[in-house]
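Results of the structural survey
This is what each chain is made of:
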Amino acid sequence: MTRLRSRLPAAAATTALFAVVALSFFPRETSAHKKFTFTTTHANELEEGFFQGGVESQIKHIFEETLRDKATAAGSSVDKGTIHAKKADPATTPPSFSVIDVGVNTGFFTLLAAANGATVYGFELQRTCLSRVREHLANNPRLSRSVYLFNLGLGQEADVVEDNAKDVCDGTWGHQGLEKVYSSSKQSSGASSMGSSSPVTSSSSTVTSSSSTVTSSSIVLPDAVFQDWWDIALIKVDTEGAEAAILKRFLKYIERGQVRNVVVEVVPAWWPKRGVSVEHGIQVFEQLQSMARETVLLHDMNPFPRGARPRAQTIDGLPTFEITDMGALLRQRASTASSGLNIWFQF
């Protein structure tokens, strides 16, 4: 989640091109009303303004439009910033629809999903990030009952080191790989309390390395946490290079029709650092595309991306693309360090 990848404007010529063919896919917001507050006093962390332009704004619109439709169908309403959801406590009754946020960071999209009627399950390895989300929930208490946070990662099981010395929610943490540790306190079962009334589940444990005492957090298989009754309106994945490894383990849930949308930040150049070769990662994304009814490349830093062609529809007034050759697109990005893209799969 970096401004470099997300906020570069399209070239003027490209803007003119899309002005001719563009049909607004989602309408722009006409109201300045906020459904929740999102402010921070912490330096070098994501602020609300980050999400008001470029691809982040497109993702925001996808959340709002997708979840508004689900909330209407489920009998929930969004009125003057208050959610009136006809659903019981998820500890005892399946929610009407869910959002899975993998890589919560400071929690903007977690709060946005809750504000639009979803029950949200958020997964984040950085304890500092979860602390920031709790601060935001304290400022938006009406959303707290709809948000369940877990100090867990999803993917192949492992314990990974987190730096105790830092006090910042790092938007690019993990892109150079994560140091793994193995200790008797590993808790894949830490997620077993999913759906309980506890707002935060922690899998952290303290282990001693050769140099210092550090904190480890667990990565668990989605099978350890996903419930068969979940109706998953949307999965958001923003994990700084771990997305291919994570989505591989979501394929069976998508195949059986449990997932409606996936929005994912993709950085192929970082995959090898997270244990996935470029070619293997491409296979995962080609499988996703084969299952999707539509696959959309969102606003991109390259106005003419390889393996994609312009769509007539825009989102938030910005161009989108049809992916015609997933392999070519991802191989080209793998050759450029830190060159990411954002893809929306609709199932």
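For the structure, see preceding data.
These figures come from a predicted structure and were not determined experimentally.

The subject of this paragraph is the nonpolar core. F250, F285, I343 and F345 are the most contacted members of the largest nonpolar core, which has 46 residues in total. Filtering out sequence-adjacent residues up to four positions away, I343 remains in contact with V262, V263, V264, V266, F285, T295, V296, L297, I323 and M326. With 36 residues, the next largest nonpolar core counts F51, V99, F108 and I315 among its residues.

If you add up the space inside the largest pocket, you get close to 580 Å³. L125, L178, I219, A242 and R274 are, among the 34 residues lining the largest pocket, the residues nearest its centre. Secondary-structure elements contributing two or more residues to the lining of the largest pocket are β6 (147–154), β7 (158–162) and α6 (243–248). The dominant element in the lining of the largest pocket, judged by the number of residues it contributes, is β6, at 3 residues.

So, about the environment of R260. Its place among the elements puts R260 in the loop between α7 (251–255) and β13 (261–266). With 87 residues separating them along the chain, R260 and F347 place their C-alpha atoms 5.0 Å apart. Setting aside chain neighbours within four positions, we find R260 in contact with K70, D231, I232, A233, F345, Q346 and F347.

Here we take up the packing of aromatic side chains. Within the structure shown, the criterion is met by 17 aromatic pairs. An angle of 90° between the planes, with centres 5.3 Å apart, marks the rings of F38 and F108 as edge-to-face. Residue F38 is found in the loop between β1 (23–26) and α3 (54–74), and its partner F108 is found in helix α4 (residues 108–115); the two are separated by 70 residues along the sequence. The pair F38 / F108 is uniform in exposure class, with both members buried. Aromatic side chains F123 and F150 sit 5.4 Å apart centroid to centroid with 20° between the ring planes, which places their arrangement in the stacked category. Taken together, the residues F123 in strand β5 (residues 119–123) and F150 in strand β6 connect sequence positions 27 residues apart. Exposure remark for F123: the relative accessible area of 1% places this residue in the buried category. Joined through ring pairs, the aromatic side chains of Y121, Y148, F226, W229, W230, F250 and Y253 make up one cluster.

What counts and what doesn't
- Residues numbered from 1 in each chain as written.
- Predicted model: local features only at pLDDT ≥ 70, side-chain atom pairs only at ≥ 80, totals over all residues.
- Heavy atoms only, no water.
- Core = buried A, V, L, I, M, F, W, Y, C linked by side-chain atoms within 4.5 Å.
- Buried < 20%, exposed > 50% of the residue type's maximum accessible area, 1.4 Å probe, protein only.
- Contact = heavy atoms within 4.5 Å.
- 1 Å grid on protein atoms, 1.4 Å probe; cavity = no way out; pocket = protein on both sides within 12 Å on 5 of 7 lines; lining within 4 Å.
- Points joined across faces, edges and corners; volume = space filled by probe spheres on them.
- Helix = DSSP H or I, 4+ residues; strand = E, 2+ residues; numbered from the N terminus.
- Phe/Tyr/Trp six-rings, centres within 6.5 Å; stacked < 30°, edge-to-face > 60°.

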